[in-house]
Amino acid sequence: NKMAAPLPVICLAGPTGCGKTAAALALAEALKGEVINADSRQVYSDFPLITAQPSPEERACCPHHLYGFLPTERKISAGRWADQAVAEAKAVLARGHVPLLVGGTGLYFQGLLHGIAEIPAIDPAIPAALTARLAEEGPAALHAELAASDPAYAARIHPNDRQRIVRALEVLAGTGHTFSWWHEHGMPEPPCAGPLLVLDMELDALTPRLARRIDLMLEQGALDEARAARQRCDDAAAPGWSGIGCAEVLAHLRGELSLEECRRLWLHNTRAYAKRQRTWFRARGEARFFAPQDLDGLLAAARQAC
């Protein structure tokens, strides 16, 4: 069955803390756009501050979709996110506006612009067994196993990313093919088409910005936000707590880290994540790169696509 023509969208990506929100608002204003979240952390309702979701003031500038809609205990796959993002993009286009997909999750953009592998259903006993092994052996052991069978995919995900490690190993066990193989061979038509505009800056310039942002989050009440989230879900293994910032703050609230250690680890992990994001986006052939302050260049590229 031939899918409909891909939906025209504009993708705005880049590492954490590089100024995507401000750039998105400028694009939305110039193009009559609506912002659709493309960040796997900003879907969680309990962590608007720690995951740097747009503020109420920022959201008042234009419509925003798919931010903070998921409870901490629920996980979301790239496929499920894409289904919701495509539905939002259709609605935005129907209103005569431009869908702006904004975020830092490379796999989300990959799925929209290149299609999502149609992997068959896996016997639930397989992920259950892997999850049990994860609890016993820890994520690093399973990540090493994944690296042996599917080095390309293992290199793209964090050694502590339990959800993605289990998913990749269950797919291999359940289908006999690696995740990378599926991404190569199991792709239907991509649902969306449009430019991948990437804000980028050198890690040395980004690091002090990340440090300032963490200090600001702590000043604005990140600890209170996490305390309230704990009252709703105190399971450290829940998907929402696995995000950078969330995990470190939870460890502090549990008395496992001092506030200073929490801050230092949070910055270290955020910087490492930004480094992985930059590597990932630089490997995309279609990506076009812009300095965060080059709003004119960004806007010109976006207008060209509209």
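Heads up: the structure comes first, above all this text.
Computed from a predicted structure; not experimentally measured. Residue indices begin from 1 for each chain and proceed along its sequence in written order. Local features in this predicted model are restricted to residues whose pLDDT is 70 or higher, and side-chain atom pairs enter the listing and the counts only when it is 80 or higher, whereas totals over whole chains, interfaces and linings include all residues. Note: side-chain values were computed over all heavy atoms of the structure, leaving out hydrogens and water.

Asker: Help me get a handle on the environment of Pro292, residues and values and all.
Answerer: Note that Pro292 resides in the loop between β8 (287–290) and α14 (295–305). Residue classification places Pro292 among the buried residues on the basis of a relative accessible area of 15%. For Pro292 and Lys20, which are 272 residues apart along the polypeptide, the C-alpha to C-alpha distance reads 7.7 Å. If near-sequence neighbours (up to four positions away) are discounted, Pro292 is found in contact with Cys18, Leu199, Asp200 and Met201. What counts as a helix is a DSSP run of H or I of at least four residues, what counts as a strand is a run of E of at least two, and both are numbered from the N terminus. Per-residue accessibility, obtained with a 1.4 Å probe over protein chains only, is compared with the maximum for each type, and a residue is labelled buried under 20%, exposed over 50%, and partly exposed between these values. Residue contacts are counted whenever heavy atoms from the two residues lie within 4.5 Å of one another.

Asker: Could you give an account of the packing of aromatic side chains, with specific residues and numbers?
Answerer: The pairing test for Phe, Tyr and Trp rings, Trp by its six-membered ring, is centres within 6.5 Å, and the orientation test on the planes gives stacked under 30 degrees, edge-to-face over 60, and tilted for anything in between. Taken as a whole and assessed by the stated rule, the structure comprises six aromatic pairs. Plain terms: the ring middles of Trp181 and Trp182 are 5.1 Å apart, the flat faces sit at 90 degrees to each other, and that makes the pair edge-to-face. Exposure remark for Trp182: the relative accessible area of 12% places this residue in the buried category. When the ring of Trp280 is compared with that of Phe281, the centres are 5.6 Å apart and the planes differ by 90 degrees; the resulting orientation is edge-to-face. Each member of the pair, Trp280 as well as Phe281, is classed as buried. Taken together, the ring pairs in this structure connect Phe109, Trp280 and Phe281 into an aromatic cluster.

Asker: Summarise empty space enclosed by the protein; cite the residues concerned and give the values.
Answerer: It is a probe the size of a water molecule, rolled over the atoms, that shows where empty space is left. Points on a 1 Å grid over protein atoms alone make up a cavity when a 1.4 Å probe fits among them but cannot get out, and a pocket when they form an open set with protein on both sides within 12 Å along at least five of seven lines; lining residues each have an atom within 4 Å of a point. Grid points are joined across faces, edges and corners, and a volume is the space filled by probe spheres set on the points. Within this structure, the stated rule accounts for one cavity of 30 Å³ or more. Put simply, the largest cavity is a space of about 30 Å³. Among the elements that line the lining of the largest cavity, the one with the most residues is helix α4 (residues 106–114), at five residues. Its residues placed into classes, the lining of the largest cavity shows four nonpolar, three polar and two charged. Three residue categories are used. Nonpolar comprises Ala, Val, Leu, Ile, Met, Phe, Trp, Tyr, Cys and Pro, charged comprises Asp, Glu, Lys and Arg, and polar comprises the others, including Gly.

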